[in-house]
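Listed below are the residues making up each chain.
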Amino acid sequence: MKVDTLITNIGQLLTMDKKGPVKGSDMNDLTVMEGAAVAVKDGRIKWIGSAEKAVNIQADKTIDADGKLVTPGLVEPHTHLVFGGSREEEMALKQQGVPYLEILKQGGGILSTVNATRDASYNELLEKALFHLDRMAMHGITTVEAKSGYGLDKQTELKQLQVTKEANVKHPLDIVSTFLGAHAIPPEHKEDPEAFLSLMSELFDEIKEKNLAEFIDIFTETGVFSVEQSLRYLKKAKEKGFGLKIHADEIDQLGGTELAVEVGAISGEHLAVASDNGIKQLASSNTIGVILPGTVFYLGKDTYPRARKMIDEGAAITVSTDFNPGSSVTENLQLIMSIAALKLKLTPAEIWHAVTVNAAHAIGRGYEAGTIATGRRGDIVIWDAPNYKYIPYHYGVNHANTVLKNGEILYKRGEIR
Ligand SMILES: O=C(O)CC1=NCN=C1
Ligand SMILES: [Zn+2]
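Criteria and cut-off values
Residues numbered from 1 in each chain as written. Chains lettered and ligands numbered in written order. Predicted model: local features only at pLDDT ≥ 70, side-chain atom pairs only at ≥ 80, totals over all residues. Heavy atoms only, no water. UniProt positions renumbered as here; feature names shortened; annotations may be inferred. Donors = N, O, S within 2.8 Å, 3.2 Å for Na, K, Ca; no water. Tetrahedral: all angles 85-135°; square planar, octahedral: opposite > 155°, others 65-115°. Helix = DSSP H or I, 4+ residues; strand = E, 2+ residues; numbered from the N terminus. Buried < 20%, exposed > 50% of the residue type's maximum accessible area, 1.4 Å probe, protein only. Core = buried A, V, L, I, M, F, W, Y, C linked by side-chain atoms within 4.5 Å. Contact = heavy atoms within 4.5 Å. Near = heavy atom within 4 Å. Polar contact = N/O pair within 3.5 Å; in protein donor to acceptor, adjacent residues only side chain to side chain. Areas by Shrake-Rupley, 256 points an atom, 1.4 Å probe, with all protein chains shown as cover. 1 Å grid on protein atoms, 1.4 Å probe; cavity = no way out; pocket = protein on both sides within 12 Å on 5 of 7 lines; lining within 4 Å. Salt bridge = Lys/Arg side-chain N within 4 Å of Asp/Glu carboxyl O.

- Looking up the protein in an unreviewed UniProt entry gives the name Imidazolonepropionase, with the organism given as Virgibacillus subterraneus.
- Of the protein, the UniProt comment under Subcellular location (unreviewed entry) reads exactly: "Cytoplasm".
- As recorded by UniProt, the Function (unreviewed entry) comment attached to the protein reads in full: "Catalyzes the hydrolytic cleavage of the carbon-nitrogen bond in imidazolone-5-propanoate to yield N-formimidoyl-L-glutamate. It is the third step in the universal histidine degradation pathway."

Some details on the coordination of the zinc ion (ligand 2)
Argument step 1. Looking at the zinc ion (ligand 2), one finds its protein donor set to be H78 (NE2), H80 (NE2), H247 (NE2) and D322 (OD), positioned 2.1 to 2.5 Å from the metal centre.
Argument step 2. Bound by four donor atoms, the zinc ion (ligand 2) shows angles of 80 to 170° at the metal and therefore irregular coordination geometry.
Argument step 3. In primary sequence terms, the donor set of the zinc ion (ligand 2) follows H-x1-H-x166-H-x74-D. Residue H78 is located in the loop between β6 (74-76) and α1 (90-95), and its partner D322 is located in the loop between β13 (317-319) and α13 (333-342); the two are separated by 244 residues in the primary sequence.
Argument step 4. Judged by its relative accessible area of 0%, H78 falls in the buried class.
Argument step 5. Accessibility expressed as a relative area gives 1% for D322, which makes it buried.

Considerations on the nonpolar core
Argument step 1. Among the nonpolar cores identified, the biggest contains 104 residues, and F179, Y233 and W352 are the most heavily contacted of them.
Argument step 2. The element that contributes the greatest number of residues to this core is helix α4 (residues 122-138), accounting for seven residues.
Argument step 3. In contact with F179, not counting residues within four places along its chain, are S148, E157, L161, M200, L203, F204, I207, A213, F215, I216, D217 and Y233.
Argument step 4. Listed in part, the 15 residues of the second largest apolar core include I7, I10, I45 and I380.

A look at the site of ligand 1
Argument step 1. Close to ligand 1 lie R87, Y100, I110, Y150, H183, F219, H247, E250, H270, N324 and S327, which account for all nearby residues.
Argument step 2. One of the side-chain N or O atoms of Y100 is found 2.6 Å from an oxygen atom in ligand 1.
Argument step 3. Between ligand 1 and N324, the relevant distance is 3.5 Å, taken from an oxygen atom to a side-chain nitrogen or oxygen of the residue.
Argument step 4. The protein chains hide 100% of the 270 Å² of surface that ligand 1 would expose on its own.

Let's talk about the UniProt feature "binding site: 4-imidazolone-5-propanoate" (unreviewed entry) in the protein
Argument step 1. Under the UniProt annotation, the feature "binding site: 4-imidazolone-5-propanoate" (unreviewed entry) is placed at R87, Y150, H183, E250 and S327. Lining residues of the largest cavity drawn from the annotated list: R87, Y150, H183, E250 and S327.
Argument step 2. The topology assignment puts Y150 in the loop between β7 (141-147) and α5 (154-170).
Argument step 3. The exposure class assigned to S327 is buried, which follows from its relative accessible area of 4%.

Focus on the pattern of salt bridges
Argument step 1. In the structure shown here, the tally under the stated rule is 27 salt bridges.
Argument step 2. Measuring nitrogen to oxygen at the nearest pair gives 3.4 Å for the salt bridge that ties D174 to R377. With D174 in strand β8 (residues 174-182) and R377 in the loop between α15 (357-362) and β14 (380-383), this residue pair connects regions lying 203 residues apart in the sequence.
Argument step 3. Via salt bridges that share partners, E145, K147, D217, K245 and E269 belong to a single interconnected network.

What follows is the structure in structure tokens.
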């Protein structure tokens, strides 16, 4: 057989080759292939087998994995990728214990990023997004979801979505776009949030026509949008053919988790304070929990999402950086894997399902990304790690040695191509 690239002498290979979102105890059922090899041709996985059998394969390029861990490229299911400015000035307020929602109420937080994003040019936003995508790639991420939500007016929300669309063309990473125009209430609509929500829902047709987003998301939170407002808004989005996501039960327990299940959202996101009933509903639904423990850490809170209970009750969950300029400022999904182990008490096997196959399903790419299987994209990471338990164990650094996207080397330790 003739292939483009052969990765051989693999120590442990995680194919993550499972059907559908992996739920409950199945998240702890990990297939580990020892002494494996993977062949890629025309950007797709062509063959998977033992390194011994691979000796008969002619490859234009052979990569010796030197006994290292090899996995699918990481899938990052929840980011606020496109934004202007930064919010390092808020660190002092956070250190003084000023709550996140209080900073927002005072016109900071999301709203300060809105000002910076409205002021930023299209090209400035694009260059910044490409920079962050490079950094995600070097940390092993090969598919990423990107939300708008820092415009909060028609023109700037469309600007963000168009930047996302162009970044998806210009950068090797695959980007899945979500419209989060309902992210906060802008000052000009402070007195009339209903009018603002209608304004954002008026964009649905244009977004659909121009294929600017596949999902619609809303921040269901105290001082932002109520469960009732969110239900109406998401029903409208569903009628227009969009997939649904909800920033739910992040700070206050409003019942956003239950709402996500009720409207058949593909995912409920944050769920830091989801109720017992919310977790029960999630576990018996097809809605995936997108868990953001880095945000809890970064906001200096003590209440972590009860992901252990969610899995034990049968839910499918993923973990994510929640990369954004204010409440979780990191592209390092490997760090989140460590926080998931230490604070959520997830096992290494559960964590690997959470950052590959389940994350792919949470953004509608379950049959495209997050798995090494013949016919799938050649999105592969060779890690500077002896086994799959090592990544959550050794925290805060980048373990990626080589990152391939569609079979092409995108990053080699120490350089970005
Ligand atoms: O603070 C931000 O910019 C991102 C965020 N939206 C809802 N929770 C966090
Ligand atoms: Zn978020």
